[in-house]
Amino acid sequence: MKRFLLLPVVLLAVGSSIFAGGGKESDEAAAASSEPKNLIIAVQDLPQAAISAMAENSNVAIRIDFSVEENLIQTDYYDNYKLKPGLAESWELVDEKTLRFKLRKGVKFHNGEKMTAEDVAFTFGKERLLSENAPGRAVAASFLSNIESVTAIDDYTVEIKGKNPDALFVTRFANFPSQIISKKGYEDAGSWEEFGRKPVGTGPYKVTEYTDGQRIVIERFADYWGGDVAAVDRVEFRKVPELATRIAGLRSGEFDIITEVPPDQAEAVNKMSGVSVVGGPIRTIYGMFFDETSNTPMADPRIREALTLSIDRRLLVDTLFGGYTTIPNNWQMKLFGDMYLEDYPGLEYNPRRAKELMKEAGYHGEKIVYRILPGYYTMEQIVSEAVTQMWQDVGFNVELQVKENWNQILEDNDERNIFNGSFSAYYPDPVGQFWRRFGPATGGAYGGLWTNPDEFVKLGSVLETNYDLNARRDAFEKMMDIFNKDPKGVYLYNLPMIYGVRDGVKWNALPIEGMDLTKAALEL
């Protein structure tokens, strides 16, 4: 089984020892080293409305924002998700509900303003997050709803208080969507929407162009606090929906990197002259959401359980993915560390039991609608068609409907029964994946997909607020037991993210949605 594929990074100075000794070759190398280095990345899609973290939660936005906005604490994806100083040089958990940060001095935003505690307080303040009608609440609610107040103690000290104890209090500020933004940059933008398109952060690249539906450009930020780490001068993310066009452009040299290479075609691309593939499973489970509130059979938990039992995940992975991904052990990932329940069973493929549940529920062929947005996720349409056939084989009358955008997918009516989703582990813990996606906050954010059982919510509170490892493990196990019988969605496999890279580009693909475009990962 192929695991995550990484190209080696060889950090060679342009025009180095190969041209040693002077002469014409040396002069040419020196000239080449001074030429701007540009990168063109052909993507299958661009953000719907924004790049900024608190404005949009999508794979296509995160891959760009990774270079633009930064956190108080850094997550080191090269070193087992360890937490390291970022925009804060240190932090202290004063008590179970109080976290204090000492900010790094000399950090500049892309607009030239120096970062202070006032910017941090504004990032999480009433105008963006804490007031009832704040525009950032829709995206941030399932991550940061425990914040009660953020106070600038002095120019470089910030204190954040939580409403309740939080087992993931520190981790939340090392991950999405707690990236820090410039207060002045936000105010100068004039609106939430405009700032979202051109956020003013502290990252090694700054946004210089946002053209709806066409391209987004980021450029090297010369005053980056971390030094000269940007690997290139300019990066253009260009929307190219058609896979064949992306591959052709990669082979011709028009594109340097392309996204969303289907696993069933990865080997063929890898054998093409002048290109190769990198990537593999990321920290995301791919699956579906169920809407139990519609006036359809989906209101019955037995029908939803039968749907989960009718899917042959092994057949999907072996037939369509050629070893480029794996099947998760239920709603968990090994990156959970001590919270990973090694012996907890995954969902079985049991069409016989599915049919029994359908009979018990009195199902008589009523239509169930499954909405998809082809091309957004890797092989979305092919996988959706295969799963639809599996459901039809056990007797479900599932109608696959192809939509043009997310507004159509999420339209709240009796035909919003099933739709695809990604379940990213933004924190290496079930709070950052399972509870975040299936707790009350997410169900409500989508317009009321479900009502959580009281016991599930109580256990979720233990998972979030209790610092005792055994108590948290026990709560997580019981939550999955409840969910298996009353599912609000279903998992399929670990989402693979595979890229095509032209020869001459050395790039490491991280096991996350973001693309690292610093010298640690990229060399032209």
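A.B. asks: Honestly, the sheet that holds strand β6 (residues 147–154) in this entry has me stumped. Any pointers?
C.D. replies: Backbone-to-backbone hydrogen bonds pair the strands of a sheet. The strands run either parallel or antiparallel. The strand order across the open sheet built from four strands is β4-β5-β7-β6, with neighbouring strands paired in antiparallel fashion. The open sheet is flanked by β4 (88–95) and β6, the only strands paired with a single partner. Going from strand to strand, the sheet's axes swing by 20 degrees on average, the running direction of each strand aside. The sheet contact formed by strand β5 (residues 98–103) and strand β7 (residues 157–162) spans five bridges and is antiparallel. When the sheet's bridge partners are listed, K102 is paired in β7 with T157.

A.B. asks: Please explain the pattern of salt bridges as it appears in this structure.
C.D. replies: It is possible for side chains bearing opposite charge to pair when their charged atoms get close. Applying the stated criterion across every chain yields a total of 36 salt bridges. Linking E209 and R215 is a salt bridge whose minimum nitrogen-to-oxygen distance equals 2.8 Å. Owing to a relative accessible area of 31%, R215 belongs among the partly exposed residues under this scheme. One network of salt bridges, with partners in common, ties together R220, D228, D233 and K519.

A.B. asks: Teacher, can you tell me more about the packing of aromatic side chains here?
C.D. replies: What characterises a pair of aromatic rings is the spacing of the ring centres plus the angle enclosed by the ring planes. What the rule picks out here adds up to 40 aromatic pairs. Relative to F173, the ring of F169 lies with its centre 6.1 Å away and its plane at 50 degrees, an arrangement referred to as tilted. Taken individually, F169 and F173 each receive the classification buried, so the pair is uniform in this respect.

A.B. asks: Can you help me understand unusual backbone geometry in this one?
C.D. replies: Outside of glycine, negative phi angles account for most residues, and trans bonds account for most peptide bonds. The omega torsion of the bond from F176 to P177 falls at 0 degrees, within 30 degrees of zero and hence cis. For P177, the position within the fold is in the loop between α6 (169–172) and α7 (183–189). A positive phi is found at N330, a non-glycine position, where the angle reads about 65 degrees. Relative to the elements of secondary structure, N330 occurs in the loop between α12 (313–320) and α13 (351–360). Residue classification places N330 among the buried positions, given a relative accessible area of 0%. Phi at M379 is positive, roughly 55 degrees, even though this residue is not glycine. Positionally, M379 belongs in the loop between β13 (367–372) and α14 (380–394).

A.B. asks: For this particular structure, what's the right way to read the sheet that holds strand β1 (residues 38–43)?
C.D. replies: With mixed pairing, 10 strands are arranged side by side in an open sheet as β8-β9-β10-β1-β11-β16-β12-β15-β13-β14. Single-partner strands in this sheet number two, and they are β8 (205–211) and β14 (397–402). Summarising the sheet, β13 and β14 pair through six bridges and their orientation is parallel. Opposite K367, over in β14, you have N397 as the bridge partner. Of the strands in this sheet, β12 (275–290) and β16 (489–502) touch helix α10 (residues 263–270), which is tilted by about 175 degrees from β12.

Calculation rules
Residues numbered from 1 in each chain as written. Predicted model: local features only at pLDDT ≥ 70, side-chain atom pairs only at ≥ 80, totals over all residues. Heavy atoms only, no water. Pairing = 2+ DSSP bridges. Helix = DSSP H or I, 4+ residues; strand = E, 2+ residues; numbered from the N terminus. Axes fitted to C-alpha atoms, helices over the stretch in contact; angles between N-to-C directions. Salt bridge = Lys/Arg side-chain N within 4 Å of Asp/Glu carboxyl O. Buried < 20%, exposed > 50% of the residue type's maximum accessible area, 1.4 Å probe, protein only. Phe/Tyr/Trp six-rings, centres within 6.5 Å; stacked < 30°, edge-to-face > 60°. Contact = heavy atoms within 4.5 Å.

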